[in-house]
Amino acid sequence: MACAARRALRNRELRLHYQPKFDMVTRRLVGAEALIRWEHPDEGLLSPMEFIPLAERSGLIVPIGAWALNEACRQAQTWRRAGLDDFHVAVNLSAVQFKHADLLETVSEALDGANLPAEALELEITESMLIDQGGDPGGTLAALTMRGVHLSIDDFGTGYSSLSYLKRFPVNVIKIDRSFTADLGDKQDALVIVRAIIGLGHSLGLRVVAEGVETQAQLDLLAAEGCDFAQGYLLGRPLPVTDFERTFVPVTAF
Ligand code: C2E
Ligand code: CA
Ligand code: CA
């Protein structure tokens, strides 16, 4: 499989799908999350869950991640030029990439290669990435945010109860995990947690994204709670480039 994944990279079998993200107040499209897929010649479209863990173990995630960064930055700039002003792209980072010495350089090359302003790139990391490595030993996160790149904490609320890292690291965005979104409307606890996350985020000056929004009731509750952005099947599934363009460029409101 590791060999096959290497071939996938070489043979250009990897794809990025883009899931739209909307501003809850203006209801306009603001950006997209890039989600990787492997168009396997025999097995069809493979989900990242099927090959990312393996690519992490073999170290192949480093070149795959660099490819994803380059591709996402290039695509975001193409759409900005096509009229999606201020469009930004969010790219998922693996812990392995985070530990790798060249991350800052890889990100800089992707931005420069695409001529994309750093503010238009958001890197999604998880709580465990910040905690397990004892923070940001090489100062990579600090350097990335100095350059203008935004940092987002993915799956927020699922990892750790320690929140001190939110003060210590230059985080811009937190993403409410989709398990909380899913229970909104059914379970009172979920609403209490979501309200607390939004309150916490806002008091720290962060923007809050809800992921996994599947119903209008969830969207309405999130809007009522002051959540800033929303992503989910209700608003748009992750789409291949051509479908994303057909749906969202240049119509940018839902
Ligand atoms: P994630 O970053 O938490 O991404 C969100 C996942 O939820 C995506 O699954 C997305 O397709 C799915 N999703 C979005 N909206 C909804 C919804 O309304 N309902 C439900 N049930 N699901 C929704 P996907 O694309 O299979 O990605 C799975 C995970 O793979 C991602 O989780 C991320 O951790 C990882 N991943 C994806 N692309 C990359 C990449 O380029 N690099 C790295 N390192 N990891 C990636
Ligand atoms: Ca993500
Ligand atoms: Ca997530």
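Residues numbered from 1 in each chain as written. Chains lettered and ligands numbered in written order. Predicted model: local features only at pLDDT ≥ 70, side-chain atom pairs only at ≥ 80, totals over all residues. Heavy atoms only, no water.

(A) Expanded view of the coordination of the calcium ion (ligand 2). Each protein donor to the calcium ion (ligand 2) is listed here as Glu33 (OE), Asn92 (OD1), Glu124 (OE) and Asp154 (OD); together their distances run 2.1 to 2.3 Å. The sequence motif formed by the donor residues of the calcium ion (ligand 2) is E-x58-N-x31-E-x29-D. The calcium ion (ligand 3) is placed at 4.1 Å from the calcium ion (ligand 2), the two being bridged by aspartate 154. Of this pair, asparagine 92 sits in strand S4 (residues 88-92) while aspartate 154 sits in strand S6 (residues 150-156), and the two are 62 residues apart along the sequence. (Donors = N, O, S within 2.8 Å, 3.2 Å for Na, K, Ca; no water. Helix = DSSP H or I, 4+ residues; strand = E, 2+ residues; numbered from the N terminus.)

(B) Expanded view of the pattern of salt bridges. Applying the stated criterion to the full structure yields ten salt bridges. Where arginine 15 meets glutamate 39, a salt bridge forms, and the shortest distance between an N and an O atom there is 3.2 Å. Of the two residues, arginine 15 is situated in strand S1 (residues 14-23) and glutamate 39 in strand S2 (residues 29-40); the sequence distance between them amounts to 24 residues. The class for arginine 15 is partly exposed, based on a relative accessible area of 30%. Looking at glutamate 39, the relative accessible area reads 39%, which means it is partly exposed. The salt bridge involving aspartate 228 is made with arginine 207; its shortest N-O contact spans 3.7 Å. Separated by 21 residues along the polypeptide, aspartate 228 in the loop between helix H11 (216-224) and strand S9 (229-230) and arginine 207 in strand S8 (residues 207-210) bring together distant segments of the chain. You can call aspartate 228 buried: its relative accessible area is 13%. (Salt bridge = Lys/Arg side-chain N within 4 Å of Asp/Glu carboxyl O. Buried < 20%, exposed > 50% of the residue type's maximum accessible area, 1.4 Å probe, protein only.)

(C) Structural detail: the coordination of the calcium ion (ligand 3). Those protein atoms acting as donors to the calcium ion (ligand 3) are Asp154 (OD), Asp155 (OD), Glu211 (OE) and Glu211 (OE), and they sit at 2.3 to 2.5 Å. In this structure aspartate 155 comes out as partly exposed when scored by relative accessible area, which is 26%. Among the residues examined, glutamate 211 registers a relative accessible area of 10% and is labelled buried.

(D) Seen up close, helix H10 (residues 188-203). Under the 1.5 Å per step criterion, the end-to-end length of H10 is 23 Å for 16 residues, consistent within 8% with the ideal 22 Å. Every buried residue of H10 is accounted for by Ala190, Leu191, Val194, Ile197, Ile198 and Gly201. Here the buried residues of H10 occupy an arc of 130 degrees about the axis, which is enough to place them on one side. Exposed positions of H10 whose direction lies more than 90 degrees from the buried face are Gln188, Asp189 and Ser203. Of the surrounding secondary structure, the elements contacted by the buried residues of H10 are S6, strand S7 (173-176), helix H9 (178-183), S8 and H11. (Expected span 1.5 Å × (residues − 1). Arc of directions from axis to C-beta. Contact = heavy atoms within 4.5 Å.)

(E) Fine view of the site of ligand 1. Close to ligand 1 lie 20 residues, the nearest being Gln19, Arg37, Arg178, Glu214 and Tyr233. Interatomic distance of 2.8 Å between a side-chain N/O atom of arginine 37 and an oxygen atom of ligand 1. In the model, an oxygen atom of ligand 1 is placed 3.4 Å from a nitrogen or oxygen of the aspartate 155 side chain. Within the complex, the protein chains bury 84% of what would otherwise be the 800 Å² of accessible surface of ligand 1. Every element with two or more residues in the shell around ligand 1 is listed here: S2, helix H2 (48-58) and S6. A total of four residues in the shell around ligand 1 trace back to one element, the largest contributor, which is S2. (Near = heavy atom within 4 Å. Polar contact = N/O pair within 3.5 Å; in protein donor to acceptor, adjacent residues only side chain to side chain. Areas by Shrake-Rupley, 256 points an atom, 1.4 Å probe, with all protein chains shown as cover.)

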